Amino acid sequence: MKRITMALASAGTALALALGSTGSSYAATGVFLYTAVGGEQETLDNPLANYCFNISGDGHAVNRTNKVVLVFKRAGCVGNPQKIKAGDHAFDIAFDSVEFIS
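For clarity, every value in this text was computed on a predicted model and none was experimentally measured. (Residues numbered from 1 in each chain as written. Predicted model: local features only at pLDDT ≥ 70, side-chain atom pairs only at ≥ 80, totals over all residues. Heavy atoms only, no water.)

### Things to note about the overall build of the chain
And then number 1: Scanning the chain for helices and strands turns up one helix and eight strands.
And then number 2: Evaluated residue by residue, the chain yields a buried proportion of 29% over its 102 residues.
And then number 3: Looking at the chain alone, contacts between residues at least 24 apart form 53% of all its contacts between residues at least 6 apart.
And then number 4: Summing over all exposed atoms, the chain offers an accessible surface of approximately 6,600 Å²; the carbon and sulfur share of this is 57%. (Helix = DSSP H or I, 4+ residues; strand = E, 2+ residues; numbered from the N terminus. Buried < 20%, exposed > 50% of the residue type's maximum accessible area, 1.4 Å probe, protein only. Contact = heavy atoms within 4.5 Å. Areas by Shrake-Rupley, 256 points an atom, 1.4 Å probe, with all protein chains shown as cover.)

Structure (structure tokens):
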């Protein structure tokens, strides 16, 4: 019985390591530039994909990443987003959260 428990523990550890190591490959490569509410120019460098960033922008946004960015008017990435494709930009845009998707 002890051998079965050890084998299952080893298999579980291997699975956790395999799944955990793939997380970094889900980052967007590049930079998201935007005008913050106060007028400052801000950036997100190589942001995580499929993660909600509660950041506020008001003005211009440029998506220089390899992912589509969903821009939400509300925090928490809820509601109907506006899409900014990789390499595109948006003018006169206001948002309180963004998410980069594959």
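### A look at the environment of Glu42
And then number 1: Within the element layout of this structure, Glu42 appears in strand β2 (residues 41-45).
And then number 2: The sequence separation of Glu42 and Gly57 amounts to 15 residues, and the corresponding C-alpha distance is 8.9 Å.
And then number 3: Setting aside its immediate chain neighbours within four residues, Glu42 contacts Phe32, Leu33, Tyr34 and Ala36.

### Observations regarding the sheet that holds strand β8 (residues 97-101)
Sheet strands associate in pairs through backbone hydrogen bonding, adopting either a parallel or an antiparallel arrangement.
And then number 1: Pairing within the open sheet is antiparallel, and its four strands lie in the order β3-β8-β5-β6. One side of each edge strand has no neighbouring strand; the edge strands of this open sheet are β3 (52-53) and β6 (82-84).
And then number 2: In this structure, strand β5 (residues 68-72) lies alongside β6, joined through three bridges in antiparallel fashion. Opposite Val69, over in β6, you have Ile84 as the bridge partner. (Pairing = 2+ DSSP bridges.)

### Focus: the state of the cysteines
By definition, a disulfide links two cysteine residues through a covalent bond between their sulfur atoms.
And then number 1: According to the stated counting rule, one finds one disulfide in the structure shown.
And then number 2: Here Cys52 connects covalently by a disulfide to Cys77, the sulfurs 2.2 Å from one another. A torsion of 95 degrees about the S-S bond marks the disulfide between Cys52 and Cys77 as right-handed. Highlighted residues: Cys52 in strand β3 and Cys77 in the loop between β5 and β6, separated in sequence by 25 residues. (Disulfide = S-S within 2.5 Å.)

### Details of the confidence of the model for the chain
And then number 1: Model confidence for the chain is summarised by a mean pLDDT of 84, while 75% of its residues fall at 70 or above.
And then number 2: Of the regions scoring below 50 in pLDDT, residues 1-24 engages in zero contacts with residues more than four places distant in sequence or in other chains. (pLDDT = per-residue confidence, 0-100.)

### Observations regarding the sheet that holds β2
And then number 1: Spatially, the four strands line up as an open sheet ordered β2-β1-β4-β7, and their pairing is antiparallel. Two strands close off the open sheet at either side, each with one partner strand: β2 and β7 (89-95). With direction set aside, neighbouring strand axes in the sheet form an average angle of 30 degrees.
And then number 2: Pairing of strand β1 (residues 30-36) with β2, which is carried by five bridges, proceeds in the antiparallel orientation. Within β2, the residue paired with Leu33 across the bridge is Thr43. (Axes fitted to C-alpha atoms, helices over the stretch in contact; angles between N-to-C directions.)

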